[in-house]
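Listed below are the residues making up each chain.
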Amino acid sequence: MKKLELKRCPHSDISEEGQEEYGGNGGGFGGNGGSFGGSETNGTAVSSSSSPQAQARRHAFKKLKDTKHSETSDGGWEQCYQYVVGNYTLDDPQPDPSWPVVPCRNGWVYNTSVIFSSIVIDYELVCERAIYPTIALSVLNIGGIFGVYFFGTISDKYGRRVSFLVCLGLEQVFGFLTAFTPNFWTWTLCRFMVGLTVPAIYQIPFIISLELVGPSYRSFVTVMTCLFYVGGMLLLAGVAYFIRNWVYLCLVTSLPFFSLVVYWWVLPESPRWLLSQGRLKEARTILNKMAKVNKTELPESFVQKLQDRMLAQQALSISSAQAKGSSGFFSMCHTPNMRLKAILVTIVWFANETVYVGLSYYGPVMGDNEYLSFFLACAVEVPSYLLCWIVMDRWGRRWILGIGMIIGGIFSICTVLMPEDASLATLILYLVAKFSESAAFLIIYPFAAELYPTEVRGVGIGFSAYVGGLGLVIIPFVNYL
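Residues numbered from 1 in each chain as written. Predicted model: local features only at pLDDT ≥ 70, side-chain atom pairs only at ≥ 80, totals over all residues. Heavy atoms only, no water.

### A short note on the nonpolar core
Within the largest apolar cluster, 39 residues are counted, with the highest numbers of intra-cluster contacts made by Trp-349, Tyr-385, Leu-442, Ile-443, Tyr-445, Tyr-452 and Ile-461. Those elements giving two or more residues to this core turn out to be helix H6 (200-212), helix H7 (218-242), helix H13 (336-362), helix H14 (370-379), helix H15 (381-395), helix H16 (397-417), helix H17 (423-451) and helix H18 (457-480). Looking at this core element by element, the count peaks at 10 residues for H17. Not counting residues within four places of it along the chain, the set of residues in contact with Leu-442 comprises Thr-222, Val-223, Cys-226, Tyr-385, Cys-388 and Met-392. (Core = buried A, V, L, I, M, F, W, Y, C linked by side-chain atoms within 4.5 Å. Buried < 20%, exposed > 50% of the residue type's maximum accessible area, 1.4 Å probe, protein only. Helix = DSSP H or I, 4+ residues; strand = E, 2+ residues; numbered from the N terminus. Contact = heavy atoms within 4.5 Å.)

### As for the packing of aromatic side chains
A full pass over the atoms with the stated rule returns 18 aromatic pairs. Pairing Phe-220 with Trp-389 gives two aromatic rings, centres 5.5 Å apart and planes at 55°, and the pair type is tilted. Placement of the pair is Phe-220 in helix H7 and Trp-389 in helix H15, with a sequence separation of 169 residues. Residue classification places Phe-220 among the partly exposed positions, given a relative accessible area of 36%. Pairwise contacts between aromatic rings join Tyr-202, Phe-206, Tyr-229, Trp-349, Tyr-356, Phe-441 and Tyr-445 into one cluster. Note that Arg-161 overlies the ring of Trp-264, its terminal NZ or CZ placed 4.7 Å from the centroid. Its guanidinium or amino end placed over the ring of Tyr-241, Arg-244 lies 4.7 Å from that ring's centre, counting from NZ or CZ. (Phe/Tyr/Trp six-rings, centres within 6.5 Å; stacked < 30°, edge-to-face > 60°. Lys NZ or Arg CZ within 6 Å of the ring centre and 35° of its normal.)

### Some points on H16
Between its terminal C-alpha atoms H16 stretches 31 Å, which fits the 30 Å expected from 21 residues at 1.5 Å a residue. Buried within H16 we find Arg-397, Ile-400, Leu-401, Gly-404, Gly-408, Ser-412 and Thr-415. One side of H16 holds all its buried residues, which, seen down the axis, span an arc of 95°. Turned more than 90 degrees off the buried face of H16, the exposed positions are Arg-398, Trp-399, Ile-406, Ile-413 and Leu-417. Buried residues along H16 sit against H7, H13, H15 and H17. (Expected span 1.5 Å × (residues − 1). Arc of directions from axis to C-beta.)

### Let's talk about the environment of Ala-440
Following the sequence through the fold, Ala-440 ends up in helix H17. Taking the relative accessible area as the measure of exposure, Ala-440 reaches 0% and is therefore buried. Leave out the neighbours within four places in its chain, and Ala-440 touches Asn-352, Leu-401, Gly-404 and Met-405.

### Looking at the state of the cysteines
If you walk through the whole model with that rule in mind, you get 1 disulfide. The side chain of Cys-80 participates in a disulfide bridge whose partner is Cys-127; the two sulfur atoms lie 2.1 Å from each other. Here the S-S torsion is close to -95°, and the disulfide linking Cys-80 with Cys-127 is therefore left-handed. Placement of Cys-80 in the loop between helix H1 (52-66) and strand S3 (81-83) and of Cys-127 in the loop between helix H2 (119-122) and helix H3 (132-158) is noted, with a sequence separation of 47 residues between them. Between Cys-226, a free cysteine, and Cys-388, which holds the nearest cysteine sulfur, the sulfur-to-sulfur gap is 8.3 Å. Cys-226 gets classed as buried once you look at its relative accessible area, which sits at 2%. (Disulfide = S-S within 2.5 Å.)

### Topic: the confidence of the model for the protein
Low-confidence regions, as indicated by low pLDDT, have predicted coordinates that should not be scrutinised in detail. Here the protein shows a mean pLDDT of 77. Residues at 70 or above account for 77%. Under a pLDDT of 50 for its full length, residues 1-71 has, in the predicted model, 197 contacts with residues more than four places off or in other chains. (pLDDT = per-residue confidence, 0-100.)

And the structure:
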């Protein structure tokens, strides 16, 4: 979210004893709203003192402002500091270099024309604390680094279904608690706990979907998953536009999804994972149900083939484990071919996710209306995904992945090189970059899922996403600068 234009303080008191001051303005990442300190009149904070001495001080300060000496070097009013004046005369209101300067103590006046409620204003994250929201966003992404590997391990050991339901419950509980946090650090802790589930909350159901269908339907499942994802982002843009209070926004985006507890009874386990664990009876039950929904029957010969393949796979896994003596993450390093695949997928994932998420964070600042800019940044992904649906089975995964990253990188660089007044051209270049990177971002998931074997698919994708998440820790600070 971009920083909003700030209102300056209309007046201030200059204290005879250095104890009565008026604060400057404040702003910060994520929008601002409301007024802090003193009384309020039409949203503007004013002094509560009405004595003749206070009126004289305000008159002196008005003259001081008329001289323009209290402006900053760029012509704007100082937002974070103020003078503390002990002795002064009305005849000489010019600033004296010997006057002490202190941080604003009585709060700030915020521009509430767009956003009137945010963590910035509730927790006063301005001036020396202006970087705190950026730190919180980085902490959210740090949680994701641990979460993808943690839930990936659970997914491979205890099943996709269990891992997803635990992930979903954790996200909803701490997303709900975020609305009731009394201070910034408690809020950040809740965001870290939510971050543990991101992007695992997206990856696990994606793996389940891929393992529920045959190879010919993988492209369709991939595109549908991404379309529903971007549909949620478009819906979020509309919800955030109409609900400007961040507390209510937390509640609206968390409470309805507690209804997903019904997934405990309706979400099936991955048959491929069940077969890899030797649980043929459970896998057969799910396959029979799938066949019934599709109005067909599961041939007995097919079940026998599954059993033979399962026994052969188990024998191979046991012999491999006895020979190598390792499991989990280290099982990806047993052969040179598997090691090379893991390294290449991880490097590509890191570059792809860093650029894609960086462009997503940068989207709201591309226009005058941050809600519209965010909506457009999400909407441009829809044609990108549909195009991938048409060509990914014809061209393969590698070509689309490579071309998307190259074009996205070139247009991202062009966006940075554009002059500040070329806002329309910059927006067009940005949307082309986002279009291309979205295609590459879509491809990386099925590409990795098809390269990692079933036994290590969860931990493999988790590891690649773990390394990819390292770039997300840095991206918020790059945008802040």
